[in-house]
There are 2 protein chains.
Amino acid sequence: MESAGATLAAAQSRPVCVIGLGLIGGSLLRAAADAGRRAWGASASTTTTEKAGADGYDVTATVDEALARAATEDALVVLAVPLTALDDVLAVVAREAPRCRLTDVTSVKEPVREAVERQAPGTRFVGGHPMTGTEFSGWDAGSLQLFHEKVWVVATEDDADLEVWVDVAALALACGAVVVPAASDEHDLAVARISHLPHLFAAVLASVGADGGELALALAAGSFTDGTRVAATRPELTAAMCVGNRAALLSSLDDALGRLGAARGSLASTGGLLATLTAGHDGRTALDDARRARREVRIDLEGTPAEFLEAMRELGRTGGRVIGWTAEALDAADEALGI
Amino acid sequence: MESAGATLAAAQSRPVCVIGLGLIGGSLLRAAADAGRRAWGASASTTTTEKAGADGYDVTATVDEALARAATEDALVVLAVPLTALDDVLAVVAREAPRCRLTDVTSVKEPVREAVERQAPGTRFVGGHPMTGTEFSGWDAGSLQLFHEKVWVVATEDDADLEVWVDVAALALACGAVVVPAASDEHDLAVARISHLPHLFAAVLASVGADGGELALALAAGSFTDGTRVAATRPELTAAMCVGNRAALLSSLDDALGRLGAARGSLASTGGLLATLTAGHDGRTALDDARRARREVRIDLEGTPAEFLEAMRELGRTGGRVIGWTAEALDAADEALGI
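Values in this document were obtained by computation on a predicted structure and should not be read as measured data.

Rules and cut-offs
- Residues numbered from 1 in each chain as written.
- Chains lettered and ligands numbered in written order.
- Predicted model: local features only at pLDDT ≥ 70, side-chain atom pairs only at ≥ 80, totals over all residues.
- Heavy atoms only, no water.
- Helix = DSSP H or I, 4+ residues; strand = E, 2+ residues; numbered from the N terminus.
- Rg over C-alpha atoms; globule rule 2.2 N^0.38 Å.
- Contact = heavy atoms within 4.5 Å.
- Areas by Shrake-Rupley, 256 points an atom, 1.4 Å probe, with all protein chains shown as cover.
- Lys, Arg positive; Asp, Glu negative; His and termini not counted.
- Charge placed at Lys NZ, Arg CZ, Asp CG, Glu CD.
- Phe/Tyr/Trp six-rings, centres within 6.5 Å; stacked < 30°, edge-to-face > 60°.
- Buried area = accessible area lost by both parts, 1.4 Å probe.
- Salt bridge = Lys/Arg side-chain N within 4 Å of Asp/Glu carboxyl O.
- Expected span 1.5 Å × (residues − 1).
- Buried < 20%, exposed > 50% of the residue type's maximum accessible area, 1.4 Å probe, protein only.
- Arc of directions from axis to C-beta.
- Pairing = 2+ DSSP bridges.
- Axes fitted to C-alpha atoms, helices over the stretch in contact; angles between N-to-C directions.
- Least-squares fit on C-alpha atoms with pLDDT ≥ 70 in both.

1. A look at the overall build of chain A
Right, so step 1: Scanning chain A from terminus to terminus reveals 15 helices and eight strands.
Right, so step 2: At 22 Å, chain A has a C-alpha radius of gyration in line with the 20 Å of a compact globule built from 339 residues.
Right, so step 3: Counting only C-alpha atoms, chain A reaches 70 × 50 × 35 Å along its principal axes.
Right, so step 4: In chain A, the share of contacts with a sequence separation of at least 24, taken over all contacts with a separation of at least 6, comes to 73%.
Right, so step 5: If you sum the accessible surface of chain A, you get close to 13,500 Å²; carbon and sulfur atoms cover 51% of it.
Right, so step 6: The centroid of the 29 positive side-chain charges in chain A is displaced by 3 Å from the centroid of its 47 negative side-chain charges.

2. A look at the packing of aromatic side chains
Right, so step 1: For the coordinates displayed, the defined rule picks out seven aromatic pairs over all chains.
Right, so step 2: Seen from their ring centres, Tyr 57 of chain A and Trp 139 of chain A are 5.5 Å apart, and the 70 degrees between their planes marks the pair as edge-to-face. Linking Tyr 57 of chain A in the loop between α3 (46-54) and α4 (63-73) with Trp 139 of chain A in the loop between β6 (128-130) and β7 (151-155), this pair joins segments that are 82 residues apart in sequence.
Right, so step 3: Ring plane angle 40 degrees and centroid distance 4.3 Å describe the contact between Phe 201 of chain A and Phe 201 of chain B, whose orientation is recorded as tilted.

3. What to know about the interface of chain A and chain B
Right, so step 1: Counting residues at the interface gives 90 residues for chain A, matched by 90 residues for chain B.
Right, so step 2: Both sides together, the interface formed by chain A and chain B hides about 7,900 Å², and carbon and sulfur atoms give 73% of it.
Right, so step 3: Linking Asp 254 of chain B and Arg 264 of chain A is a salt bridge whose minimum nitrogen-to-oxygen distance equals 2.5 Å.
Right, so step 4: When residues of the side of chain A that touches chain B are assigned to their parent elements, the largest contribution, 20 residues, is made by helix α8 (residues 184-210) of chain A.

4. Here's the deal with helix α13 (residues 274-292) of chain B
Right, so step 1: Along its 19 residues, α13 of chain B runs 26 Å from first to last C-alpha, staying within 8% of the 27 Å computed at 1.5 Å per residue.
Right, so step 2: Of the residues making up α13 of chain B, those classed as buried are Thr 276, Leu 277, Gly 280, Gly 283, Arg 284, Leu 287 and Ala 290 of chain B. All buried residues of α13 of chain B fall inside an arc of 150 degrees around its axis, so they share one side. More than 90 degrees from the buried face of α13 of chain B, the exposed residues found are Ala 275 and Arg 292 of chain B.
Right, so step 3: Buried residues along α13 of chain B sit against α8, α9 (213-219), α10 (222-227) and α11 (235-244) of chain A together with α12 (246-269) of chain B.

5. Comments concerning the pattern of salt bridges
Right, so step 1: Scanning the entire structure with this criterion turns up 59 salt bridges over all chains.
Right, so step 2: Here Lys 51 of chain B and Asp 140 of chain B are joined by a salt bridge, their closest N and O atoms 2.8 Å apart. One end of the pair, Lys 51 of chain B, is in helix α3 (residues 46-54); the other, Asp 140 of chain B, is in the loop between β6 (128-130) and β7 (151-155), and 89 residues separate them in sequence.
Right, so step 3: Assessed through its relative accessible area of 36%, Lys 51 of chain B is described here as partly exposed.
Right, so step 4: Judged by its relative accessible area of 55%, Asp 140 of chain B is exposed.
Right, so step 5: Three or more residues are tied together by salt bridges with common partners; here these are Arg 14, Asp 74, Arg 101, Arg 124, Asp 161, Glu 163 and Asp 167 of chain A.

6. What about the side chain of Thr 238 of chain B?
Right, so step 1: Mapped onto the elements of the fold, Thr 238 of chain B is located in helix α11 (residues 235-244).
Right, so step 2: With sequence-adjacent residues up to four places away left out, Thr 238 of chain B is seen in contact with Leu 277 of chain A together with His 199 and Thr 233 of chain B.

7. As for the sheet that holds β6 of chain A
Residue and element names in this part refer to chain A.
Right, so step 1: In spatial order, the strands read β6-β7-β8; together these three strands make up an open sheet with mixed pairing. What marks the edges here is a single partner per strand, and that holds for β6 and β8 (178-182). Across this sheet, the average inter-strand angle for adjacent strands is 20 degrees, counted without regard to direction.
Right, so step 2: Bridge count between β6 and β7: three bridges; the pairing is antiparallel. Residue pairing for β7: Gly 128 is matched across the bridge by Val 154.

8. Let's talk about unusual backbone geometry
Right, so step 1: Positioned with a positive phi, Asp 74 of chain A is a non-glycine residue whose angle comes to about 55 degrees.
Right, so step 2: Following the sequence through the fold, Asp 74 of chain A ends up in the loop between α4 and β3 (76-79).
Right, so step 3: The partly exposed category is assigned to Asp 74 of chain A, whose relative accessible area is 36%.
Right, so step 4: Located in the positive-phi region is Glu 149 of chain B, a residue other than glycine, with phi close to 60 degrees.
Right, so step 5: Its location among the elements puts Glu 149 of chain B in the loop between β6 and β7.

9. A word on the packing of helix α6 (residues 110-119) of chain B against helix α8 (residues 184-210) of chain B
Right, so step 1: The N-to-C vectors of α6 of chain B and α8 of chain B enclose an angle of 145 degrees; their axes lie 8 Å apart at closest approach. Residue-level contacts link Glu 110, Pro 111 and Arg 113 of chain B of α6 of chain B to Ser 184, Asp 185 and Asp 188 of chain B of α8 of chain B.

10. Some details on the relation of the copies chain A and chain B
Right, so step 1: Overlay of chain A on chain B (RMSD 0.0 Å): rotation 180 degrees, translation along the axis 0.0 Å. Both copies of the chain, as the preceding transformation shows, are related through a two-fold rotation axis. In terms of proximity to the rotation axis, the leading residue of chain A is Gly 227 of chain A, whose C-alpha is 2.2 Å off the axis.
Right, so step 2: Looking at the interface residues of chain A, 100% of them are also at the interface in chain B, so both copies use one shared face.

11. A short note on the sheet that holds strand β4 (residues 101-104) of chain A
Note: strands within a sheet are paired through backbone hydrogen bonds, in either parallel or antiparallel orientation.
Residue and element names in this part refer to chain A.
Right, so step 1: A sheet is described by the order of its strands in space; here five strands give the open sequence β2-β1-β3-β4-β5, paired in parallel fashion. On the outer flanks of this sheet lie β2 (39-42) and β5 (124-125), each paired with one strand and no other.
Right, so step 2: Strand direction decides the pairing type here: strand β1 (residues 16-19) and β3, joined by four bridges, are parallel. Residue pairing for β3: Val 18 is matched across the bridge by Val 78.
Right, so step 3: This element, α4, spans β1, β2 and β3 of the sheet and lies at about 150 degrees to β2.
Right, so step 4: Relative to β3, helix α5 (residues 86-96) is tilted by about 160 degrees, and along the sheet it contacts β1, β3 and β4.

12. Observations concerning the side chain of Asp 167 of chain A
Right, so step 1: Locating Asp 167 of chain A in the fold gives a position in helix α7 (residues 162-174).
Right, so step 2: For Asp 167 of chain A, the contacting residues outside a window of four places in its chain are Ala 11, Arg 14, Leu 76 and Arg 101 of chain A.

13. A few points about the environment of Leu 287 of chain A
Right, so step 1: Mapping Leu 287 of chain A onto the fold places it in helix α13 (residues 274-292).
Right, so step 2: Setting aside its immediate chain neighbours within four residues, Leu 287 of chain A contacts Leu 217, Ala 220, Phe 224 and Thr 228 of chain B.

Structural data, given as structure tokens:
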């Protein structure tokens with residue numbers, strides 16, 4: 001990588017400032033430090049701050065202090081706080097590091113983008129969503145390996161700051177993840193379909209099943225066990241995730257209700273369910289096919305930043321993921337940036 | 001078991017005649033023979049008949065012949081044909097073995113009960129439903145182990161023939177299954193909730209997800225993978241299963257649609273999903289609790305056949321299963337039968 005693009009070289013040694021040291025933020029601080037980055041973090045909780053410090057990580061006393069240092073060192077700031085705490089933290093960002101390189105790890109992207117535009121419009125924001133987690137939370141639940149081979153969505157808008165886009169993607173790759181580029185609104189619609197709606201369906205199935213009493217539960221086998229698994233998640237967490245993506249979830253829920261209504265009508269009148277079930281079979285086959293069809297392609301990039309970003313977004317739209325980059329690709333990006 | 005009840009002793013050596021030698025029927029012929037029963041079978045397919053014969057099993061040339069032999073030997077006849085073929089086979093039963101001991105292995109119980117009353121009203125019918133299977137079908141897919149530790153529902157109506165009830169339960173236990181007693185209508189409602197509705201939900205989820213395109217499929221993780229697993233089943237098989245249980249499925253689908261509609265209204269107005277998700281969490285917890293709460297109880301039986309059957313049904317309703325019986329319990333049943 002001797003002739004690696006200047007953008008990539010800078011991104012690969014960019015300091016990292018993590019705000020919030022729960023499961024995701026705590027794992028990120030560990031993984032960034034392990035990847036050789038200068039990395040520090042801050043938490044609103046003194047207990048967490050003490051634990052992370054005792055584990056040998058660089059933790060500042062306050063969020064303000066961490067962000068002031070990020071401004072000085074031109075670090076990439078990662079907001080790893082719950083969606084509900086975002087506005088408060090963004091107010092501090094606007095005060096202490098108003099022009100910083102900024103990303104987040106929240107499960108919804110449009111609302112975060114809007115909050116940043118509202119609260120900290122001077123920052124260079126590129127959203128992110130590492131699709132990983134466990135049923136546990138807090139610093140103690142974190143691990144170096146949390147991002148290993150997981151998908152990390154990097155928000156890829158037309159007007160994204162390409163330098164920061166490369167910063168975020170480089171951090172994701174440094175943590176062992178693969179990058180899926182996606183526009184924020186396309187991300188939100190996609191996760192509504194493949195994560196938030198499945199959580200809601202699981203909850204409804206579990207209720208309907210349990211209302212069948214002990215007999216129904218005794219007869220429950222694979223279809224019910226698998227279909228209700230995620231209903232075991234803490235309802236508060238699922239609710240926060242779903243409500244944060246309300247508009248997109250409503251749209252995919254309406255799609256699902258339309259299909260269920262059609263199936264009901266058909267079952268009641270002619271007894272036919274084959275159209276519904278065949279469409280479902282095709283959908284599941286598409287998933288299995290997509291997972292089998294892993295091949296590595298090399299994309300040569302040239303042109304303007306907007307063209308680079310559009311090429312990345314198209315890669316994500318067609319099921320692609322970035323697993324690394326060649327020096328030449330980043331040289332092309334540098335050229336586009338005029339570096 | 002020296003003093004075992006006469007009913008049980010007779011049931012435990014009852015010959016078995018299996019009509020239909022697909023996955024379930026073929027496995028049953030193997031398991032019954034392995035348990036030391038005199039067991040024979042018949043299939044409408046000559047290929048199957050030849051295969052089963054070549055594997056060393058006792059297979060008659062025609063279904064008529066198998067049934068005539070069942071009449072002569074007072075065997076328990078097991079109908080292991082698809083729901084759609086049932087009427088035709090019942091016509092042969094009515095002709096060749098009009099008063100035989102009869103059971104089935106179909107996934108729905110009320111419609112079968114009605115078909116038997118219509119087509120072969122003189123038979124001594126007690127329905128059954130071994131809740132097992134694989135994604136494969138046919139004689140070659142069968143195995144001795146298919147019923148091992150699986151639930152085998154035995155239809156337990158007020159007016160059931162107690163002797164045949166014991167025959168069916170004894171066969172299930174001999175095949176390694178555990179018996180869950182349930183009234184036919186209660187069985188159908190329960191499986192609609194915990195099997196047929198989950199299959200329909202999986203199909204709709206898979207369609208909605210796949211309509212999100214390659215990006216959505218690339219982001220799909222555990223909730224979508226698990227929630228759509230059974231959508232991979234052949235649509236014709238799922239359709240036959242669901243349509244056979246149409247009335248019960250419509251009722252549980254309406255229940256689910258009501259809950260989804262309420263969730264939609266709440267999400268659109270106040271953004272609240274907590275009630276839906278908490279009910280789902282409680283339902284899933286009930287499933288996990290029911291599975292953990294295994295304890296062995298001994299039920300002493302006495303009184304009339306109807307009281308025996310009501311006690312069995314109540315056992316099933318409260319999540320219980322029969323794993324065996326003591327000589328004393330069956331002596332009590334014998335007494336009730338006046339044997």
